Amino acid sequence: MSALAAGQSHAAAGGRAHRLWRLVRRSPSAMLGGLVVLVIVAVAVLSLFWTPYGPLTVSTGHELLGPSFHHLLGTDEYGRDLLSRLMSGTDLTLLSSAGAVLIAGGIGIPAGLISASKGGVTSEVIMRGADLIYSFPALLAAITLVAVFGASTTTATVAIGIASIPSFARVTRSAALAVLATEYVLAARAYGRSPLAILRRHVLPNILPFIIVQASLLLSVTVLAVAALSYLGLGTPPPTATWGGMLENAQNYLYQDPLMAVWPGLAIAICVLGFNALGDGLRDLLDPTLRGRE
Amino acid sequence: MVRFAVRRLTTVLLTLWAASILVFTVLNILPGTPAQVILGTQATPASVRALTIKLGLNEPLVLQYLHWMQGLLTLHLGNSYISGQPIAPELGAALEVTAPLVVLGLLVGLLIAVPAGLVSAVHHRKASGAALAAATQVGIAIPNFVLGILLIIVVAVYLKWLPASGFTPWSSSVGGALQSLILPSVSLGLVEGAILARYVRTAVLGVLRADYLRTARAKGMRTGQALVRHGIRNAAVPVVTVLGLELSGLIIGAVVIEAVFTLPGVGSLLLSSVANRDLILVQDIVMLVATVVVLTNLLVDILYRVIDPRIGLRS
Amino acid sequence: MSLLEVSQLTVDVQGIPVVSDVRFAISAGERLGLIGESGSGKTITALAIMGLLPEGLRARGSVVLDGTELLSLSERRLSAVRGSRIAMVFQEPMTALDPLMRVGTQITDAIRIHERVGRRAARDRMLQLMPRVGFSNPREQSRRFPHQLSGGQRQRIVIAIAIACGPALILADEPTTALDVTVQAQVLALLQDLVQDQGSALLLISHDLAVVSSVCQRIVVMYGGRVVESASTPELLTRPRHPYTQALLHTSRGIGGNGDTPAGHLPTIPGSVPELGRFPSGCVFRGRCDREQDRCLEAPPTTGSDHLVACWFPLTSPSDPTAAVTTGGVGA
């Protein structure tokens, strides 16, 4: 590719980002969600370098403390700082959820594209496969895989990812079918462009918005599933700090220190709300038929 | 009608058959482990081999699969690897907890979703409607197990109105059993209700703008009458579709909620069998849940063809 | 005395008037046409009379039916009038009926809302009503769902609903526009026969001058949310006084093929209809009118008694003595 073309595509990407920003500004839901997501990502990055205390540092004599100046959110039954554990749980949650979405997209998007462009038996097989996976809710699939491979971050991530493939495949397929039916794709076919080139040059750029929306909505689902799995003791094993694990642990001390359960619960809820609001807002912006209906 | 039923039923059976192969394959990827797990790491290779033979795990996988299928179809679910007890009665007892929990959860969800969705649609230009819509948005973001714990903190720890966990069996007290299901079904239903409420709202908004509602008012019906006469059925079409998805959400949500409230239901059974590596039990339960999910979707499909004559039973 | 008297009717959307100071009257059994391009406020006027304006629109002024002011009636009292004294036929037969309900039931409902009759009696009435709107096999056809009927059949169901309680006035808003050309004339003829049979008055709303002039005894011309001219049908067709009416006549004649424009060239009114609420101040036809002068910056008063016109410089002489819209054009 020549330098000129590279420069052009760079400018186009810049223009697209600018357009996206102009759109986002119009939706309070997308703004709010985007802001929450940014803060969460910032916390996750920060926790890689700095937390007030070590998330695993046990401190005898400081067990089950309430919020104070030294421990803003208090401590757990080993005297570990709750804020530090909450912070360090953030990046694990994000990595695991994002990993699951990547797996789902990595398989679901090509599957949806192939199903849309090939049609016939191939399409039927792919969509029936999606239906099959769909009859196993994400959490059930994850529990099954954990039964075989044992509880770990990887198992949880892969299991949730696989269970989320159908939703990606369906969205991709229906969006791609719509693009493939347009006249400019017909024109591209007419002058002999290869199916692969059509997919790359026409279909992918046009369905990208739908994929972004789906990814954002799916992230809210995977965050929830990751937290649920670690709450059930089927995710990342202790002592590593996870939101679900902290919640499960705090449940043993509800009568002594109920706030201990509130923090991780709040963290999960805010994270889910953020991705959900972002995805919802983006969808409303992208779908003109929905605009003004809310 | 008959052709539609036959076609749908064939699809359902094929899906379930494929699901059973999938479940069986996944759970038997690592051959021979169950006996090792059951006997512990100190077991001699000889005793492991003996148990493997006793459990029938030395047979070819295809035979094992056929055995399992035969058991499923005749409802002889076999014996637990760990306890040696037959699985069917144990699963039956667990269902006595889980089935009412899911039904009550659905009820709570509908009791919240229908009024909230209706009011927020009818009043969508007023503050009350907007506030309700915002509340459902927040409700969606709170996972049911988080809500369950919050409810325990408020209702059980502070107010001391209800027990924090545990289950009174139906046989000892129906009232007690219902009481121990209150908090779990509310935690389960509230979130699903919030999700459903948004669909109800969209559906009702669509109906409110429909021309046939105006026709009904031109006939002399008042808005409320017209909504009852024409709105409910029309709004039900999209809502019923979503309801199927919500039901599978409720079923899987019940697994987590049972853990929160330590209820001896199917979810708890599943989790303990996972912890014990009682793979035959895991296999049975996963298949049971998948079957319920698939059948629920079939039911919804039929239901909404009954409501909407445009789709019809022939196609 | 008039059956319906509309005066100073104004409808606002967020402070912008979309219908301004509309006035006309209909006497019992009379057929009045309301004509104008889309966006002229015809439909809004009809909905305001019915009290069925969409959310956010408010009507002011006066709509008196049989001596009762409708605009100040409570929703409860108004709903007792709707369907029994005054009924409406809508433009879109495809969406006007509930898709999930059998058409017979939708007609029966209209009867049972207003009359204390049993289920069976109402059903019998419905079965008598259906042949009157052209269904030869009412028992079977009343059990159909709307999607099983054609557009023309659906519109005849809507008409059956409208006439079910023998209303004194029927508002028909572009009742044939959405239909196939071949059934338009049928449905129109049916509507005309029914109102004549029942002695109901008819307010026929259309953008099609040929349709209105073939059915109605008097015509009200609307433009930009205002009444610009109203007169008896022959008077309006032969001696239009408002430049807009004249322009409308020209375009109709062009379509008829016997006009003064060269073949293959359709006459049009110069300019286009502004967006709703964006009409110029003063005379609303300003900017598209060839008789415009400085005075038109001010809103013209409505003058005349039988033949009303709102124009500073109305056409005085008959514009074209041979002019006549082919009234039989609809029957083709």
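Shown above is the structure to which this text applies.
This section reports on the structure supplied with the text.

1. Section: the overall build of chain A
Right, on to step 1. Each helix and strand in chain A was counted, giving 11 helices and zero strands.
Right, on to step 2. Overall, chain A shows an N-to-C arrangement of helices and strands of α-α-α-α-α-α-α-α-α-α-α.
Right, on to step 3. Long-range contacts, defined as pairs at least 24 residues apart, comprise 70% of the intrachain contacts of chain A with a sequence gap of at least 6.
Right, on to step 4. Approximately 14000 Å² of chain A is accessible, and the part contributed by carbon and sulfur atoms is 69%.

2. Remarks on the nonpolar core
Right, on to step 1. Residues A:V203, B:W68 and B:F145 are the most contacted members of the largest nonpolar core, which totals 136 residues.
Right, on to step 2. In terms of residue count, the dominant contributor to this core is helix 9 (residues 195-231) of chain A (17 residues).
Right, on to step 3. B:F145 has contacts with A:L224, A:A227, A:A228, A:Y231, A:L247, A:I268, B:V256, B:I257 and B:V260, leaving out every residue within four places of it along the chain.
Right, on to step 4. Formed by 100 residues, the second largest nonpolar core is a distinct cluster that contains C:V63, C:A96, C:A162 and C:L191.

3. Topic: helix 7 (residues 165-180) of chain A
Residues and elements named next belong to chain A.
Right, on to step 1. Between its terminal C-alpha atoms helix 7 stretches 22 Å, which fits the 22 Å expected from 16 residues at 1.5 Å a residue.
Right, on to step 2. Taken together, the buried positions of helix 7 are I165, P166, F168, A169, T172, A175, A176, V179 and L180.
Right, on to step 3. Its buried side turned inward, helix 7 meets helix 3 (82-118), helix 4 (120-134), helix 6 (153-163), helix 8 (183-190) and helix 9.

4. Structural notes on the pattern of salt bridges
Right, on to step 1. The tally for this structure, following the rule as stated, stands at 16 salt bridges over all chains.
Right, on to step 2. The closest approach of N and O atoms between C:D12 and C:R60, which form a salt bridge, is 2.8 Å. Pair noted here: C:D12 is in strand 1 (residues 4-13) and C:R60 is in strand 4 (residues 57-65), with a separation of 48 residues, a long-range link.
Right, on to step 3. Look at the salt bridges and you will find they share partners, linking B:R8, B:D301 and B:R305 into a network.

5. A closer look at the interface of chain C and chain B
Right, on to step 1. Opposite the 29 residues of chain C that make contact, chain B presents 22 residues.
Right, on to step 2. Counting each side, the surface lost to burial between chain C and chain B is near 2400 Å², with a carbon and sulfur contribution of 57%.
Right, on to step 3. Remark: the boundary between chain C and chain B carries two salt bridges.
Right, on to step 4. Between B:R229 and C:D109 there is a salt bridge whose closest N-O contact spans 2.7 Å.
Right, on to step 5. Inspection of the chain C/chain B interface yields 11 residue pairs in polar contact (both at pLDDT 80 or more).
Right, on to step 6. Per element, the largest residue contribution to the side of chain C that touches chain B is six residues, and it comes from helix 4 (residues 103-114) of chain C.
Right, on to step 7. Here the side of chain C that touches chain B is composed, by residue class, of 14 nonpolar, eight polar and seven charged.

6. What to know about the interface of chain A and chain B
Right, on to step 1. Chain A puts 38 residues into the contact, and the matching count from chain B is 48 residues.
Right, on to step 2. Of the roughly 3700 Å² buried between chain A and chain B, counting both surfaces, carbon and sulfur atoms make up 77%.
Right, on to step 3. On inspection of chain A and its partner chain B, the count reaches one salt bridge.
Right, on to step 4. Remark: the boundary between chain A and chain B carries two residue pairs in polar contact (both at pLDDT 80 or more).
Right, on to step 5. Elements represented by at least two residues in the side of chain A that touches chain B include exactly helix 4, helix 5 (138-149), helix 9 and helix 11 (259-286) of chain A.
Right, on to step 6. Considering each element in turn, the side of chain A that touches chain B owes the most residues, 10 residues, to helix 11 of chain A.
Right, on to step 7. Per-class residue counts for the side of chain A that touches chain B are 29 nonpolar, six polar and three charged.

7. Describing the sheet that holds strand 1 of chain C
All names here are of chain C.
Right, on to step 1. On the basis of which strands lie adjacent, the open sheet formed by four strands has the order 2-1-4-5 and antiparallel pairing. The open sheet has two free edges, formed respectively by strand 2 (16-26) and strand 5 (68-69), since each of these has just one partner strand.
Right, on to step 2. The pairing of strand 4 with strand 5 spans two bridges and is classified as antiparallel. In the sheet register, V64 faces strand 5, and the bridge partner there is E69.

8. A look at a nonpolar patch on the surface
Right, on to step 1. A contiguous nonpolar surface patch, about 640 Å² in accessible area, is contributed by A:V41, A:V45, A:L46, A:L48, A:F49 and A:W50.
Right, on to step 2. Looking at where A:F49 falls in the secondary structure, it is placed in helix 2 (residues 28-49).

9. Remarks on the pairing of strand 3 (residues 31-35) of chain C
Right, on to step 1. Counted residue by residue, strand 3 of chain C has five buried out of five residues, so it is predominantly covered.
Right, on to step 2. Of the two faces of strand 3 of chain C, the one holding C:R31, C:G33 and C:I35 and the one holding C:L32 and C:L34 are both buried throughout.

10. Remarks on the side chain of A:T242
Residue and element names in this part refer to chain A.
Right, on to step 1. By secondary structure assignment, the location of T242 is in the loop between helix 9 and helix 10 (243-250).
Right, on to step 2. On the basis of relative accessibility, which here comes to 7%, the residue T242 falls in the buried class.
Right, on to step 3. In terms of polar contacts, T242 uses its side chain to reach the backbone amide nitrogen of G245, at 3.0 Å.
Right, on to step 4. Not counting the four nearest positions on each side in its chain, T242 is found in contact with L92, S230 and T236.

11. Overview of the environment of C:Q196
Right, on to step 1. By the secondary structure assignment, C:Q196 is in helix 8 (residues 181-198).
Right, on to step 2. The sequence separation of C:Q196 and C:R31 amounts to 165 residues, and the corresponding C-alpha distance is 9.2 Å.

12. Here we look at the sheet that holds strand 12 (residues 308-310) of chain C
Residue and element names in this part refer to chain C.
Right, on to step 1. The eight strands lie next to each other as 6-7-8-3-9-10-12-11, forming an open sheet whose pairing is mixed. Lying at the two open borders of the sheet, with one neighbouring strand each, are strand 6 (86-89) and strand 11 (302-303).
Right, on to step 2. Here strand 11 runs beside strand 12; their pairing, made up of two bridges, is antiparallel. Across the sheet, residue T303 finds its bridge partner in strand 12, namely V309.
Right, on to step 3. Across the sheet, helix 7 (residues 151-163) touches strand 6 and strand 7 (169-173), and the angle it forms with strand 6 is around 175°.

13. A word on helix 3 (residues 45-54) of chain B
All names here are of chain B.
Right, on to step 1. Residues of helix 3 that are buried include every one of V48, L51 and T52, and no others. Looking straight down helix 3, one finds that the buried residues subtend no more than 105° of arc, so they occupy a single side. Along helix 3, exposed side chains directed more than 90 degrees from the buried face belong to R49, I53 and K54.
Right, on to step 2. Just downstream of helix 3 lies G56, where phi reads positive at about 80°.

14. Structural notes on the packing of aromatic side chains
Right, on to step 1. On inspection of all chains with the given rule, the structure shows seven aromatic pairs over all chains.
Right, on to step 2. Each ring, one from C:Y244 and one from C:F285, has its centre 5.2 Å from the other, and the planes form 70°; the classification is edge-to-face. Of this pair, C:Y244 sits in helix 11 (residues 243-256) while C:F285 sits in the loop between helix 11 and strand 11, and the two are 41 residues apart along the sequence. Take C:Y244 and C:F285: they sit in the same class, and that class is buried.
Right, on to step 3. Put simply, the rings of B:F24, B:Y65 and B:W68 pair up and form one aromatic cluster.
Right, on to step 4. The residue whose ring lies beneath C:R156 is C:F135, and the NZ or CZ to ring-centre distance is 5.1 Å.

Conventions adopted
- Residues numbered from 1 in each chain as written.
- Chains lettered and ligands numbered in written order.
- Predicted model: local features only at pLDDT ≥ 70, side-chain atom pairs only at ≥ 80, totals over all residues.
- Heavy atoms only, no water.
- Helix = DSSP H or I, 4+ residues; strand = E, 2+ residues; numbered from the N terminus.
- Contact = heavy atoms within 4.5 Å.
- Areas by Shrake-Rupley, 256 points an atom, 1.4 Å probe, with all protein chains shown as cover.
- Core = buried A, V, L, I, M, F, W, Y, C linked by side-chain atoms within 4.5 Å.
- Buried < 20%, exposed > 50% of the residue type's maximum accessible area, 1.4 Å probe, protein only.
- Expected span 1.5 Å × (residues − 1).
- Salt bridge = Lys/Arg side-chain N within 4 Å of Asp/Glu carboxyl O.
- Buried area = accessible area lost by both parts, 1.4 Å probe.
- Polar contact = N/O pair within 3.5 Å; in protein donor to acceptor, adjacent residues only side chain to side chain.
- Nonpolar A, V, L, I, M, F, W, Y, C, P; charged D, E, K, R; others polar.
- Pairing = 2+ DSSP bridges.
- Patch = residues over 30% accessible without salt bridge, like charges linked within 9 Å, V, L, I, M, F, W, Y side chains within 5 Å.
- Axes fitted to C-alpha atoms, helices over the stretch in contact; angles between N-to-C directions.
- Arc of directions from axis to C-beta.
- Phe/Tyr/Trp six-rings, centres within 6.5 Å; stacked < 30°, edge-to-face > 60°.
- Lys NZ or Arg CZ within 6 Å of the ring centre and 35° of its normal.

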